[in-house]
Amino acid sequence: MNSKKYTLARIPGDGIGPEVIYEASKVLEAAASKSNFAIEWIDYPFGADYYLRTNEILPDSALKEMASCDALFLGAVGDPRVKPGILERGILLTLRFYFDQYVNLRPAKRYPKVPLPIQIEAGKEFNTLVVRENTEDFYVGIGGITETGYIKEKLELQRNLYSFKGQISGNFNTKTRGAFQMGIASEPGIRRVTTYACKEAERRGDSSITLVSKSNALPQMYGFWEEVTRDEASIHNMKVSIMNVDAMCYHLVRNPSAFNVIVAPNMFGDIVSDLLAGLSGGLGVAAGADIGDSLSMFEPIHGSAPDIAGTGKANPIAALLSGALMLAHLGEREAAHSVERAVCSFLEKADSRNLPMEFGGNGTTFSVIEAICKQID
Ligand code: IPM
Ligand code: MG
């Protein structure tokens with residue numbers, strides 16, 4: 001009999017979301033049963049189909065219900081039938097903000113047999129961890145657009161950490177279209193994500209972290225980041241090297257193994273983590289987690305890829321590795337390791353028949369999961 005049970009919310013979402021999430025869940029269940037705990041899934045239908053049918057995106061009642069779950073497993077949102085941004089902001093970003101998931105964790109490492117687009121120097125490792133701030137910067141949702149040239153926009157933002165209220169007005173000149181978007185950085189917002197990055201670095205045995213910045217052009221917000229991150233890191237006895245985002249992209253492509261834990265403001269973290277996903281072999285192995293002090297969420301970095309939905313081409317490994325992060329977050333580290341081990345031993349043994357199609361094989365979403373399930377020890 002299982003001694004422990006976790007209640008996990010699941011939003012499979014759109015496109016390839018449902019196939020990768022339901023398939024990955026099979027491996028998580030197998031690992032759970034080996035480690036003597038059980039998983040109860042609570043499925044939510046949110047996504048494009050549900051929105052088109054009901055006109056509802058993500059009701060408050062569901063958010064309240066999810067709050068009592070142990071974690072949330074999410075596939076992907078986005079669908080060509082729905083205007084870009086509606087589901088992304090309405091589901092994904094709403095969840096991140098509602099549950100104040102201030103860390104977006106995105107490991108990028110080399111997995112066996114996964115072809116890389118670059119050469120890694122012999123004897124060097126490629127194992128970075130992006131700790132992206134997830135609730136501030138240009139993602140706070142303050143902005144406006146004008147068709148007439150004149151802009152008068154109410155600014156309103158209510159967060160646990162602070163609130164903003166006011167108005168901005170501007171004149172682009174009659175009939176000139178224009179838009180603006182504002183970013184925010186707060187000291188507690190920077191400190192908490194930096195603390196997380198330092199603890200992760202310590203756990204990995206690193207003595208420094210790298211901050212992605214851009215203070216040469218945007219000194220207020222990113223100069224502030226540099227100052228606060230340095231101070232917080234010194235409290236954790238961690239050194240900080242600072243690199244502007246453009247230079248960071250350049251160096252990442254040339255020598256990714258030079259980087260360990262990278263802490264990043266929201267938008268730079270978004271960009272740099274996709275770059276790293278590409279460098280580590282593709283979105284098919286890029287896992288992600290949105291972590292906060294209440295409900296945390298686990299989602300692959302990839303989107304809904306509607307063009308390959310239902311074809312069996314989707315690589316389920318990114319969703320599965322995100323599920324492994326979820327098990328680790330629940331404290332089930334042994335089960336998390338067994339999933340990661342199973343992925344690695346599957347990939348090591350894989351040949352052109354069963355390697356995921358993304359890596360040049362003929363393995364389908366289903367055959368890849370079936371083979372990984374057999375490797376759970
Ligand atoms: C991501 C995505 C989202 C983001 C989009 C879909 C809003 O790109 O999770 O990285 O920008 O955070
Ligand atoms: Mg992104």
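Q: Tell me about the overall build of the protein chain, and name the residues and values.
A: Helices and strands together make up the secondary structure of the protein chain, namely eleven helices and 14 strands. Computed over C-alpha atoms, the radius of gyration of the protein chain comes to 21 Å, within 12% of the 21 Å expected from 2.2 N^0.38 for 377 residues, which places it in the range of a compact globule. Projecting the C-alpha coordinates of the protein chain onto the three principal axes gives extents of approximately 65 × 50 × 40 Å. Residues classed as buried in the protein chain amount to 53% of the 377 residues present.

Q: Got a sec to walk through the packing of aromatic side chains? Specific residues and values, please.
A: Per the counting criterion, the structure on display carries seven aromatic pairs. Between Tyr 6 and Phe 37, the aromatic rings sit 5.3 Å apart at their centres with planes inclined by 85°, giving edge-to-face as the arrangement. Here Phe 37 lies in strand β2 (residues 37–43) and Tyr 6 lies in strand β1 (residues 4–13), a separation of 31 residues in the sequence. Each member of the pair Tyr 6 and Phe 37 is classed as buried. Seen from their ring centres, Tyr 222 and Phe 268 are 4.7 Å apart, and the 40° between their planes marks the pair as tilted. Here Tyr 222, found in helix α6 (residues 219–235), pairs with Phe 268, found in helix α8 (residues 266–279); they are 46 residues apart in sequence, far enough to count as distant. With a relative accessible area of 1%, Tyr 222 lands in the buried category. Phe 268 sits in the buried class, given a relative accessible area of 7%. Members of the aromatic cluster, each reached through a chain of ring pairs, are Tyr 44, Phe 46 and Tyr 50. Sitting over the face of the ring of Tyr 139, Arg 132 holds its NZ or CZ atom 5.2 Å from the ring centroid.

Q: Residues and numbers for the domain arrangement of the protein chain, please.
A: Along its sequence, the protein chain is carved into domain 1 (1–109 + 284–377), domain 2 (117–136 + 185–279) and domain 3 (142–184). In this complex, domain 2 contributes eight residues to the contact, which on the side of domain 3 involves five residues. Carbon and sulfur atoms make up 56% of the area that domain 2 and domain 3 hide from each other, which totals about 520 Å². Joining domain 2 to domain 3, the criterion identifies two residue pairs in polar contact (both at pLDDT 80 or more). It is helix α5 (residues 187–204) that provides the largest number of residues to the side of domain 2 that touches domain 3, a total of three residues. Its residues placed into classes, the side of domain 2 that touches domain 3 shows three nonpolar, three polar and two charged.

Q: So what's going on with the pattern of salt bridges? Which residues, and what values?
A: Here the structure, examined in full by the defined rule, presents 25 salt bridges. Close ionic contact of Lys 64 with Asp 60 constitutes a salt bridge, the shortest N to O distance being 3.7 Å. Highlighted residues: Lys 64 and Asp 60, both in helix α3 (residues 60–66), separated by four residues, approximately one helical turn. Residue classification places Lys 64 among the exposed positions, given a relative accessible area of 54%. With relative accessibility at 48%, the residue Asp 60 sits in the partly exposed group. Residues Arg 132 and Asp 270 are paired through a salt bridge, measuring 3.6 Å at the closest nitrogen-oxygen approach. Of this pair, Arg 132 sits in strand β5 (residues 127–133) while Asp 270 sits in helix α8, placing them 138 residues apart in sequence.

Thresholds applied
Residues numbered from 1 in each chain as written. Chains lettered and ligands numbered in written order. Predicted model: local features only at pLDDT ≥ 70, side-chain atom pairs only at ≥ 80, totals over all residues. Heavy atoms only, no water. Helix = DSSP H or I, 4+ residues; strand = E, 2+ residues; numbered from the N terminus. Rg over C-alpha atoms; globule rule 2.2 N^0.38 Å. Buried < 20%, exposed > 50% of the residue type's maximum accessible area, 1.4 Å probe, protein only. Phe/Tyr/Trp six-rings, centres within 6.5 Å; stacked < 30°, edge-to-face > 60°. Lys NZ or Arg CZ within 6 Å of the ring centre and 35° of its normal. Domains from an automatic or database assignment. Contact = heavy atoms within 4.5 Å. Buried area = accessible area lost by both parts, 1.4 Å probe. Polar contact = N/O pair within 3.5 Å; in protein donor to acceptor, adjacent residues only side chain to side chain. Nonpolar A, V, L, I, M, F, W, Y, C, P; charged D, E, K, R; others polar. Salt bridge = Lys/Arg side-chain N within 4 Å of Asp/Glu carboxyl O.

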